[in-house]
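Report on the structure
Next come the chains, spelled out residue by residue.
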Amino acid sequence: MNWNLFLTELVAGVTHGAVYSLIALGYSMVYGILKLLNFAHGDVYMVGAFVGFGIITVFGGAEALSVNVWVLLLVMLVCAMLAGGLLGVMIERFAYRRLRAAPRIAPLITALGVSFFLENAAQLVLGAQYQSYNSYGWKGGSLWTSGFNLPSGVHVGLPQIIAVVGAIVLMILLTWFVRRTRTGKAMRATSFDREAAAMMGIDVDRVIVATFFIGSALAGAAGVFNGLVYQQVWPYMGFQAGLYAFIAAVVGGIGNLPGAVVGGLVIGLAQSFSIGYISSTFSDAIVFAVLIAVMVLRPSGLLGRAAVQKV
Amino acid sequence: MSGTGDQVSTDGEHGSPNGEPLLVLEGIDTFYGPIHILQGLNLEVRAGELVCLLGGNASGKSTTLKTILGIVEPRNGTVRLEGEDVTRRPTSYRIRKGIAIVPENRRLFAPMTVLENLEMGAYLHGGGSKEDFERVYSLFPVLYERRSQLAGTLSGGEQQMVAMGRALMAKPKLLLMDEPSMGLAPILVERSFEIIKQVHEAGVAMLVVEQNANVSLSIADRGYVLSTGRLVLEGKADELRENEDLRKAYLGR
Ligand SMILES: Nc1ncnc2c1ncn2[C@@H]1O[C@H](COP(=O)(O)OP(=O)(O)O)[C@@H](O)[C@H]1O
Ligand SMILES: [Mg+2]
């Protein structure tokens, strides 16, 4: 067995998986509470990635950074998460809220419209070309040379570690928030039974806003992590990532948060192993094959509850 | 209903003048889309009273409670709490003023623990003080034992206790109950109504919606009877129990 190839794809799969998981969490949170597939969610990720790129530029560009790398990363993350969160809240406020009582197809089509709008707006403002985080150039490339080696000479660079560990930290924070805080509990209650939550005095509108903010902030962070590892940002990057994250959410059991993480990992691994062992031409097909297989064997997703629970 | 009809309303910004009923519904018309559900409903509950609202299936009982809470907005009419017009106020505002509900079918948050369900009941009161929990646990000791269990895994009787405990967490002045006996074994119905009596005797006013006329009239002070969205009967509970029309209505179905 070629361990070098295997471990390379494993590392790539986990890194991709971390990014998909973060995006899938927002998909799942919004679906849980509104039963809406927010197809604009991938584009929030794109905006987060561009905000990160903007911060790099502000601090002198990849080759001539004027600040410490950790400070830079922190500023990038905070700004991308805030921008993502605020964008998510605006999308909810202006595109979805009025349609809450409408037939489900209406917000779905609106979500596609918002997605096109964001992609085209980004292209208009930022241009259609690829930009690069160029993290290889940061501080003379020291970021990628540090890290650690796996057996058979596979190197794991610091950016990959930052992306995966960062994603894990955010997931832990999210878990804590949802399980322990008052708003987090209200989110769970509202996503299980919106009317009963309202009957408890929970302001459902505010809970929905909080859900969009948090889910979208995670997507913004995912944009930064992705740029840090894979460099490229461009206006249409949200399409593929959003689609994969959506598949990840469904594979894990949409509406289920641990499911989104597991689904993200499965999709990330499926993608990189099919690229490494079969061909990059087929990776989309393989990812969809995973989706179909899971849907056939476990229609409610890997960790999804069967839909009979609700009384 | 003693005709309080056309008193000059000053849109009472401040609390209730003495003697104001806790809850007044005046000329309520509630629609679902084009369908006229509640038709000119007048109803009141005074402080400390236990009032029951009877009626067959789909007569509009739950809709009445949802109108009181502001889950649905009436097209015409006024909802007054302690004299204040709250018709256009959000649900949270009304709940903060002291209403709580045990909804139809209980509507527990099944994937959350018993403790978390109780916290949701006191959502507008910071999730409940130690006292609030103690009060509820002393009424339903079994909930203390089950506090870390998911509500969806409890038995029907226990779920009913969680639903009542959840509503009582907020220390309501007015407790709305939507068919508390539904789906319970007869012995549990009896237990439920004992608790209702006990809570009422502690000074909580109640509006109890029921199809089970006998049991609810036996503990109520007054009652209303709803039929396809209109009140057809109202009066003292013991008078209603003797009423031929009510008997016929319930036997005729
Ligand atoms: N959300 C709703 N949308 C449309 N119609 C409804 C809705 N809820 C209840 N109804 C209708 O309103 C009528 C009264 O319902 P409800 O108040 O639930 O009756 P009850 O509680 O007395 O059984 C019924 O005909 C019911 O079908
Ligand atoms: Mg009902």
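Check the entry above for the structure.
All values derive from a computational prediction rather than experimental measurement.

The rules behind the values
- Residues numbered from 1 in each chain as written.
- Chains lettered and ligands numbered in written order.
- Predicted model: local features only at pLDDT ≥ 70, side-chain atom pairs only at ≥ 80, totals over all residues.
- Heavy atoms only, no water.
- Near = heavy atom within 4 Å.
- Polar contact = N/O pair within 3.5 Å; in protein donor to acceptor, adjacent residues only side chain to side chain.
- Areas by Shrake-Rupley, 256 points an atom, 1.4 Å probe, with all protein chains shown as cover.
- Helix = DSSP H or I, 4+ residues; strand = E, 2+ residues; numbered from the N terminus.
- Salt bridge = Lys/Arg side-chain N within 4 Å of Asp/Glu carboxyl O.
- Pairing = 2+ DSSP bridges.
- Buried < 20%, exposed > 50% of the residue type's maximum accessible area, 1.4 Å probe, protein only.

Now for the site of ligand 1. All names here are of chain B. Every residue near ligand 1 is listed here: Tyr32, Ile37, Gly56, Asn57, Ala58, Ser59, Gly60, Lys61, Ser62 and Thr63. Measuring from an oxygen atom of ligand 1, one finds a backbone N or O atom of Ala58 at 2.8 Å. With respect to ligand 1, the side chain of Thr63 contributes an N or O atom lying 2.5 Å from an oxygen atom. Within the complex, the protein chains bury 60% of what would otherwise be the 560 Å² of accessible surface of ligand 1. Among the elements that make up the shell around ligand 1, the one with the highest residue count is helix H1 (residues 61-69) (3 residues).

Residue and element names in this part refer to chain B. Tallying each qualifying case throughout the model produces 20 salt bridges over all chains. Here Glu44 and Arg46 are joined by a salt bridge, their closest N and O atoms 3.2 Å apart. Across the salt bridge formed by Glu82 and Lys173, the nearest N and O atoms sit 3.0 Å from each other. In this pair, Glu82 sits in the loop between strand E4 (76-81) and strand E5 (84-85) while Lys173 sits in the loop between helix H6 (156-168) and strand E7 (174-178), placing the two residues 91 residues apart along the sequence.

A few words on the sheet that holds E5(B). Residues and elements named next belong to chain B. On the basis of which strands lie adjacent, the open sheet formed by 4 strands has the order E2-E1-E4-E5 and antiparallel pairing. The sheet is open, and its two borders are formed by strand E2 (35-45) and E5, each paired with just one other strand. Relative to E2, strand E1 (residues 23-32) runs antiparallel, the two being bridged by 7 bridges. For Thr30, the partnering residue across the bridge sits in E2 and is Leu38.

Non-glycine residue A:Asn134 carries a positive phi angle of around 45 degrees. By the element assignment, A:Asn134 lies in the loop between strand E1 (131-132) and helix H5 (142-145). Judged by its relative accessible area of 23%, A:Asn134 is partly exposed. One non-glycine residue, B:Thr228, lies in positive phi territory at about 35 degrees. Relative to the helices and strands, B:Thr228 is located in the loop between strand E9 (222-227) and strand E10 (230-236).

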